[in-house]
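Here is what each chain is made of, one letter per residue.
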Amino acid sequence: MKLGDAFDEMHGQDNGLRKAYRTYQEWLDATAHTRLLEKHQQADLIFRRLGITFSVYGSEEGVERLIPFDVIPRILDAEEWKTVGTGVCQRVRAINAFLDDIYHEQHILKAGRIPAELVLNNPGFRPEVLGLDLPRGVYVHIAGVDVVRVSAEDFYVLEDNARVPSGVSYMLENRETMMKLFPELFAQHSVAPVNHYPEVLLRTLRSVAPPGIIDPTVVVLTPGHFNSAYFEHAFLSMQMGVELVEGQDLFVEDDTMFMRTTSGPRRVDVIYRRIDDDYIDPLAFDPNSMLGVPGLLSVVRNGRVTLANAIGTGVADDKAIYCFVPDMIEFYLGEKPILKNVPTFRCAIADDCAYVVDHLDELVVKEVGGSGGYGMLVGPMSTNEQRSDFRQKILSDPDNFIAQPTLKLSTVPTLIDGHIAPRHVDLRPYVLTGETTQVVPGGLTRVALRDGSLVVNSSQGGGTKDTWVLEA
Amino acid sequence: MLGRTANNVYWMARYVERAENLARLLASTYHMSLLPAASGNDAQQWEAPLQLVGDREDFITRLGEITPGNVLAYMVLDVENVSSIRSSIRLARENARATRPELTTEVWEGINQTYLELETMSYAKMVDQGFREFFDWVKERSHLFRGAIYGTMRRGDAFTFSRLGTFLERADNTARFLAVKWDMLSTGGRPMAAEDYYRWGALLRAFSAFKAYREVYSGIIEPRRVAELLVLRRDMPRSLFACTAEVNEILRHLRENAACTRLSGQINERLQRNRIDGILRSGLPRFLNGFIARNNELHGMIGQEFMLVL
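Source: prediction; values computed, not measured.

Each value, and the rule that gives it
Per-chain numbering applies: the sequence of each chain, read as written, is numbered from 1 onward. Here the convention is simple: chains get letters from A, ligands get numbers from 1, in the order in which they are written. Residues qualify for local features only when their pLDDT is at least 70, as the model is predicted, and side-chain atom pairs are given and counted only at 80 or more; totals for whole chains, interfaces and linings, by contrast, use all residues. Calculated side-chain values reflect all of the structure's heavy atoms, with hydrogen atoms and water omitted. Per the annotation, domain bounds derive from an automatic or database assignment of domains. Here a residue-residue contact requires only that any non-hydrogen atoms of the pair lie within 4.5 Å. In this description, buried area is defined as the sum, over both parts, of the accessible area (probe of 1.4 Å) that is lost when the two are combined. Salt bridges, as used here, are contacts in which a Lys or Arg side-chain nitrogen is within 4 Å of a carboxyl oxygen on Asp or Glu. Within 3.5 Å is the distance limit for a polar contact, defined as a pair of N or O atoms, with the added protein rule that one can donate a hydrogen and the other accept it, and that residues adjacent in sequence qualify only through two side-chain atoms. Every helix listed is a DSSP run of H or I at least four residues long, and every strand listed is a run of E at least two residues long, numbered separately from the N terminus. Side-chain rings of Phe, Tyr and Trp (the six-membered ring for Trp) are treated as a pair once their centres are within 6.5 Å; stacked means planes under 30 degrees apart, edge-to-face means over 60, and tilted covers the remaining angles. Between buried and exposed lies partly exposed: a residue is buried under 20% and exposed over 50% of the maximum accessible area for its type, with that area taken using a 1.4 Å probe on protein chains only. Over a ring means this: the NZ of a Lys or the CZ of an Arg is within 6 Å of the ring centre and within 35 degrees of the ring normal. How sure the predictor is of each residue is captured by pLDDT, a score from 0 to 100. Two strands are said to pair when DSSP picks up at least two bridges between them. To obtain an axis, a line is fitted to C-alpha atoms, over the contacting stretch when the element is a helix, and the angle between two such axes runs from 0 to 180 degrees between their N-to-C directions. Nonpolar core, defined: a set of buried Ala, Val, Leu, Ile, Met, Phe, Trp, Tyr and Cys residues in which side-chain atoms within 4.5 Å join the residues together. Residues are grouped as follows: Ala, Val, Leu, Ile, Met, Phe, Trp, Tyr, Cys and Pro are nonpolar; Asp, Glu, Lys and Arg are charged; every other residue, Gly included, is polar.

Chemist: Any chance you could explain the domain arrangement of chain A here in plain terms?
Modeler: You'll often see interface size given as the accessible area lost when the parts meet. All names here are of chain A. Domain boundaries in chain A define domain 1 (3-342 + 407-469) and domain 2 (343-406). On a C-alpha basis, the centroid separation for the pair domain 1 and domain 2 is 26 Å. The interface is formed by 22 residues belonging to domain 1 together with 18 residues belonging to domain 2. Both faces combined, the contact of domain 1 with domain 2 buries some 1,600 Å², and carbon together with sulfur accounts for 55% of it. Broken down residue by residue, the surface that domain 1 buries against domain 2 is led by Lys319, Val342 and Leu407, which jointly contribute 34%. There are 0 salt bridges connecting domain 1 and domain 2. Connecting domain 1 to domain 2 are 3 residue pairs in polar contact (both at pLDDT 80 or more). For the side of domain 1 that touches domain 2, the leading source of residues is strand S6 (residues 155-159), giving 3 residues.

Below you can see the structure in the form of structure tokens.
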């Protein structure tokens, strides 16, 4: 695909300067290029000193890398943000209603709007929590919805990430860093703040404590400091002022969750867990897990501790269920979807599958349960060999794959080897649900640094940018 | 605070203190080796660090001969030597990272910066900038670490357990350092010669105690007084008495009636009751080895009392 085809968020399709970027362009014109390069290096030092690193799976153990940070911001005006912000909140409201439904009455299945077997046989569906009433009926307290743009008006949702989305610490640290590096830019633009995210997160978590708890104790549960997102777990617990615990720090007694402190056991009411369902309780799920807490599920089932996100949200974040989110919005909310779904071919359906294997060079193929940019094929960028490899994989296990047309992701100017060049981006706003569903303006912009690449994941060489939402 | 976190903070402080004390020992050894009269017992000099913290067999297998260069390479940058300065700083930073939310930005960034700079250090670079400068840098980073803790951390559990780690480790290191050096520097009854004064002076400097010695005793350097200063003086920040008094105070503040608090009280009291002549009569190294064992026992009891994870 030619880059020239993509919508550029700074220059539009016709190379005119778009409104949101006017002030920035003036600043850029008045600023020596070398200064921009210096700031770029400074940013690198800041991130290293802060220790904002992630570990790469499959590479040498203990290797810590920085996610490349680009100093040119991605800017959205108030109107553009209104579409995205209300759109992602709408989806999350629908998804929460869907989860509450399928773990109780299953109206949507009875109404035939979603094939029942697709839900009930889904690996993310957890019969263990059927009939369980959760505080405020919330399942997905934190969602990171991946949004891409293809034109001035058209935004698509790629994934809803309803399990344990990560990256929000980059949203916050990117902003901190930009404010340190370019204070004058913030004086010239009225950029909507994001720094209150931890505050909103804490309020959200406290609002879903088990009934009757006046002053709930919240903790962040991490797999430990070798996990790739450990920095973020530490960062969030610190920002919220709550304990960062590992599975070994928690134990169950008298149907209550406790943590081991230097002054004895202390009761825990809400767990913001950054561990997948499979590993959270070795007695209920994977018995080999060393990360979880034995007996956790029974305390959850008795409503004595709240997990955020709840057990069983994976079913909503499955790439096959994804196709039905617009139906959920209509079914539960009686609203029209604000954001578009990418048309999706489910290889489980014979016709779809036949089409997909015939058009691999045009499509993006993904595993239904995959994440992190692993196990996907970007057709237009692929080799013959890769395509025949995928054809084999799809035909031998069609249920495991979906395919979508390759979207021309929008581009934003990015500093590459000392020069400014357009690179493809996506956007992950973070949606919080407690008493209400809300979103902090902006999110994490990920950018594919390789020329022409559409894969923005940090594990695949992606970087990040600060995302500015201009106040009206 | 979580027991596991207390353990991380405690070890973080211990490892930084360990790195500093090793830098002190190596700086002192290096300094003494520059003296003209030192050539005779050069090898013995450089064996001291190995005896203290290294694994002699591992050293001989991997590096061969005990030369100043080999010992420095092994003690400073060798990652396979778990006691090297680099290993200690790595472990300190690893523990800090595991308990990042408990630390202030100043403390974390300080230790992370130390780690990052040390990771780029090579033997050639160390030669180039000078060993002395390098050891001074390690000491400075340790001062900065303690200063950041003292100046920025809330007086809560994280502060308390890091202080506990610092003083327990320092007591141990002072005792070990002195035990190894004592016999090595002993003149065996012959009168002190000029180079002996240098050596004992270098030993005092390794504990930042040269000036204090002059102030307290206002006389020439005598081994007996050096021992008194570093073991029994309550106003010397690196003496056994001062360190154990700090440990005891912290533990009494944490839990008055715990078994570890009682033991730390006994350890400190024993130092209070003793006179230096009595200790020297039965042998200083013997006394110090007994101290090290009890201090280590105390470490185990602290772990059981506060940090039991499972």
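Having seen the structure, we can now continue with the description.
Chemist: What exactly am I supposed to notice about the packing of aromatic side chains here?
Modeler: Aromatic ring pairs are described here by two measures, namely the spacing of the ring centres and the angle between the planes. All chains considered together, the criterion is met by 25 aromatic pairs over all chains. Seen from their ring centres, Phe331 of chain A and Tyr332 of chain A are 5.0 Å apart, and the 90° between their planes marks the pair as edge-to-face. Assessed through its relative accessible area of 22%, Tyr332 of chain A is described here as partly exposed. Considering the side-chain rings of Phe390 of chain A and Phe401 of chain A, the 6.2 Å spacing of their centres and the 70° angle between planes classify their relative orientation as edge-to-face. Taken as a pair, Phe390 of chain A in helix H14 (residues 384-396) and Phe401 of chain A in strand S18 (residues 401-405) lie far apart in primary sequence, 11 residues in all. You can call Phe401 of chain A buried: its relative accessible area is 4%. Pairwise contacts between aromatic rings join Tyr24, Trp27, Phe182, Phe186 and Trp468 of chain A into one cluster. For Lys393 of chain A, the ring lying beneath its charged end belongs to Phe390 of chain A, and the centroid distance is 4.7 Å. Taking NZ or CZ as reference, Arg155 of chain B lies 4.0 Å from the ring centre of Phe159 of chain B, over its face.

Chemist: Is there a simple way to explain the confidence of the model for chain B in this structure?
Modeler: Atom-level detail of predicted coordinates should not be read off regions where pLDDT is low. Here chain B averages 91 in pLDDT, and 96% of its residues register 70 or above. Mean pLDDT in chain B bottoms out at helix H2 (residues 42-53) of chain B, which sits at 77, and peaks at helix H13 (residues 240-254) of chain B, which reaches 97.

Chemist: How should I be thinking about the sheet that holds strand S21 (residues 430-433) of chain A in this particular structure?
Modeler: Hydrogen bonds along the backbone pair up the strands of a sheet, which may run parallel or antiparallel. Residue and element names in this part refer to chain A. In spatial order, the strands read S4-S21-S22; together these 3 strands make up an open sheet with antiparallel pairing. On the outer flanks of this sheet lie strand S4 (142-144) and strand S22 (437-439), each paired with one strand and no other. Geometrically, the sheet is characterised by an average inter-axis angle of 25° between neighbouring strands, direction not taken into account. Alignment of S4 against S21, held across 3 bridges, turns out to be antiparallel. From the neighbouring strand, Gly144 faces S21, where its bridge partner is Tyr430.

Chemist: Could you clarify how one ought to interpret the nonpolar core in this entry?
Modeler: Among the nonpolar cores identified, the biggest contains 103 residues, and Ile85, Phe134 and Val231 of chain B are the most heavily contacted of them. The leading source of residues in this core is helix H9 (residues 157-185) of chain B, at 15 residues. The residues touching Val231 of chain B, leaving out its near neighbours within four places in the chain, are Leu178, Ser239, Leu240, Phe241, Leu271, Ile279, Leu284, Phe287 and Leu288 of chain B. Judged by nonpolar contacts, the second largest core, of 78 residues, contains Ala162, Phe285, Leu297 and Ile311 of chain A.

Chemist: How should the interface of chain B and chain A be read in this particular structure?
Modeler: Taken together, the contacts link 26 residues of chain B with 23 residues of chain A. Across the chain B to chain A interface the summed buried area is about 2,200 Å²; carbon plus sulfur atoms make up 47%. Among the residues chain B hides against chain A, the three largest losses belong to Leu2, Arg97 and Pro101 of chain B. Together they make up 29% of the total. Put simply, chain B and chain A have 3 salt bridges between them. Arg49 of chain A serves as the salt-bridge partner of Glu109 of chain B, at 2.9 Å between the closest nitrogen and oxygen. Only helix H1 (3-33), helix H5 (85-98), helix H6 (105-119) and H9 of chain B provide two or more residues apiece to the side of chain B that touches chain A. Per-element accounting of the side of chain B that touches chain A gives the leading share, 5 residues, to H6 of chain B. Split into classes, the residues belonging to the side of chain B that touches chain A amount to 13 nonpolar, 4 polar and 9 charged.

Chemist: Quick question: what am I supposed to make of unusual backbone geometry here?
Modeler: Negative phi values dominate among residues other than glycine, just as trans dominates among peptide bonds. Residues and elements named next belong to chain A. In this structure, Asn309 follows Ala308 across a cis peptide bond, with omega equal to -5°. Along the chain, Asn309 turns up in the loop between strand S13 (306-308) and helix H12 (325-333). The phi torsion at Asp417 lies on the positive side, around 45°, for a residue other than glycine. Tracing the chain through its elements places Asp417 in the loop between strand S19 (411-416) and strand S20 (419-428).

Chemist: Just to check I follow, could you spell out the pattern of salt bridges for this structure?
Modeler: Close approach of charged atoms allows side chains of opposite charge to pair. What the rule picks out here adds up to 53 salt bridges over all chains. For the salt bridge of Glu184 of chain A with Arg35 of chain A, the shortest nitrogen-to-oxygen distance reads 3.4 Å. In this pair, Glu184 of chain A is assigned in helix H7 (residues 183-188) and Arg35 of chain A in helix H2 (residues 33-50), connecting sequence segments 149 residues apart. In this structure Glu184 of chain A comes out as partly exposed when scored by relative accessible area, which is 24%. Of the charged contacts, one joins Arg170 of chain B and Glu17 of chain B as a salt bridge, the two residues approaching to 2.8 Å between their closest N and O atoms. Separated by 153 residues along the polypeptide, Arg170 of chain B in helix H9 and Glu17 of chain B in helix H1 bring together distant segments of the chain.

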